Amino acid sequence: MTRSTSLGGRQFFLDWVRVLAFALLIFYHTGMMFVSWDFHIESGHDSELLKSIMMLSSSWRLDILFLVSGVAISFMISKMSLRHFASQRVIKLLIPFLFAVVVVVAPQAYFEALHKGVYEGGFWEFWTSQYFSFSWPEKMLAPFPTYNHMWYVLYLFAYTLLLLPLFNYINSERGQRRLALMEHWLIRGRRVIWLPILIYCFILICSNSTEITHAFYNDAYGHAIYLFALLMGLLFVRMPLVWQAFENHRHTSLVIALIGYSLLLTERYFFPVEYGVEFLGMIIKWSWMTTILGYAKRYLNSSNSWLEYASQAVYPFFILHQTVIIVIGYFIIDLGFSWIAEFVIIALGTFLICGLIFEGCIKRLNILKLMFGLKYTPFLSLKKPLLRNGAKQT
């Protein structure tokens, strides 16, 4: 195993958090079929047990992804010019997003339309005549065409462009001095716990609505909390002592997180109240995030071959997973199995099929590497003839 030796160097525990958080999405989106919350495919089951478990992660699972994305951005802008960085974001984010909208997400809309009785024909006819109609049929959760789970990539790309001036500042000597002062202030006491909670609560107070729509043009509250999470990752990675503070306060964070979750379940099932639940949600959100970061820093700050493989596969898995879930679910939910059996079949089948597509297609075709955000060989270099000694002609 390779152990990270510097708080300012690569933090392997953040790679683990990223991989495990994306893996959680597969289980979470599978679970959406078996609760009463709106989803593209609905099994008819409504498991309160599963709903209670999903409530545990629903408030923080997306924020922690944006935080880790902010960390990755910060590393990238420290190694390349902002112009090169912006061009790389187009290649790694915008191109996979557009490809997914046109190709990968289309089966989600098709099987949802079949499931809800909106459409009855074959997929090719749907894709060529209906999917690009820019309409929104009744019963459908999203219009044609749509991006569904790829909203995350769209938001990340937009935030990248929006924050370019800030990237330039934090790379400057003046910005680095300010970050050093901020770091030493933030690690005092338990400020890393309570200060972000206060900021989350301030966002809540300033928001007219706490609904997260994932509609880019109408999601002010979602943009506020996700952008804040991204900013924390972007800045915290420049403050290595903050990661140590998370580790030092991990037990406190866990106690707060468990108390908050218990109060949430109590409010939902026993003593419903009209006010204050949203603020409790902010406490739950950040306390679980700091708990995960603290314990991961303590126990997962090392790398191995599995993490290296998963780090490469996680982005293609993310792009594929919801389509695979919906396709499997469409054929499974009417077979009469218990919801637990259906859940297991769909979740494990999704991991298996995504793995087969990744190994059998994406890793082997250069064009698919580009479409799924992996490192690829530039196409112009492929066209250069080889000389007899194997060197490329220049």
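The following paragraphs examine the structure supplied in this document. This is a predicted model, so every value here is computed, not measured.

### Considering the pattern of salt bridges
Should their charged atoms come close, side chains of opposite charge can pair. On inspection of all chains with the given rule, the structure shows 7 salt bridges. In this structure, Lys-285 and Asp-63 form a salt bridge, with 3.0 Å as the shortest nitrogen-oxygen distance. Of this pair, Lys-285 sits in helix 14 (residues 277–299) while Asp-63 sits in helix 3 (residues 61–77); the two residues are 222 residues apart in sequence, bridging distant segments of the chain. For Asp-63, a relative accessible area of 2% puts it in the buried group. Taking the shortest distance from any N to any O, the salt bridge between Glu-247 and Lys-297 comes out at 3.3 Å. Separated by 50 residues along the polypeptide, Glu-247 in helix 12 (residues 240–248) and Lys-297 in helix 14 bring together distant segments of the chain. Note on accessibility: Glu-247 and Lys-297 belong to one class, buried. Within the structure, one salt-bridge network assembled from shared partners comprises Asp-46, Glu-48 and Lys-51.

### Here we look at helix 5 (residues 106–115)
Side chains three or four residues apart in an α-helix point the same way, a direct result of the helix having 3.6 residues per turn. Burial of helix 5 is extensive: 9 of the 10 residues sit out of reach of the surface. Burial in helix 5 covers these residues: Ala-106, Pro-107, Gln-108, Ala-109, Tyr-110, Phe-111, Glu-112, Ala-113 and Leu-114. Its buried side turned inward, helix 5 meets helix 4 (82–104), helix 6 (123–129) and helix 15 (305–332). Looking at the residues trailing helix 5, positive phi occurs at Gly-117, about 75°.

### Re helix 13 (residues 250–269)
Here helix 13 is 20 residues long and its end C-alpha atoms lie 28 Å apart, about the 28 Å a rise of 1.5 Å per residue gives. The set of residues buried in helix 13 consists of Arg-250, Ser-253, Ala-257, Gly-260, Tyr-261, Leu-264, Leu-265 and Glu-267. Viewed end-on, helix 13 has its buried residues packed into an arc of 160°, placing them on one side of the element. Elements in contact with the buried residues of helix 13: helix 2 (48–58), helix 10 (191–206), helix 12 and helix 14.

Parameters and conventions
Residues numbered from 1 in each chain as written. Predicted model: local features only at pLDDT ≥ 70, side-chain atom pairs only at ≥ 80, totals over all residues. Heavy atoms only, no water. Salt bridge = Lys/Arg side-chain N within 4 Å of Asp/Glu carboxyl O. Helix = DSSP H or I, 4+ residues; strand = E, 2+ residues; numbered from the N terminus. Buried < 20%, exposed > 50% of the residue type's maximum accessible area, 1.4 Å probe, protein only. Contact = heavy atoms within 4.5 Å. Expected span 1.5 Å × (residues − 1). Arc of directions from axis to C-beta.

These values are about where atoms sit, not about what they do.
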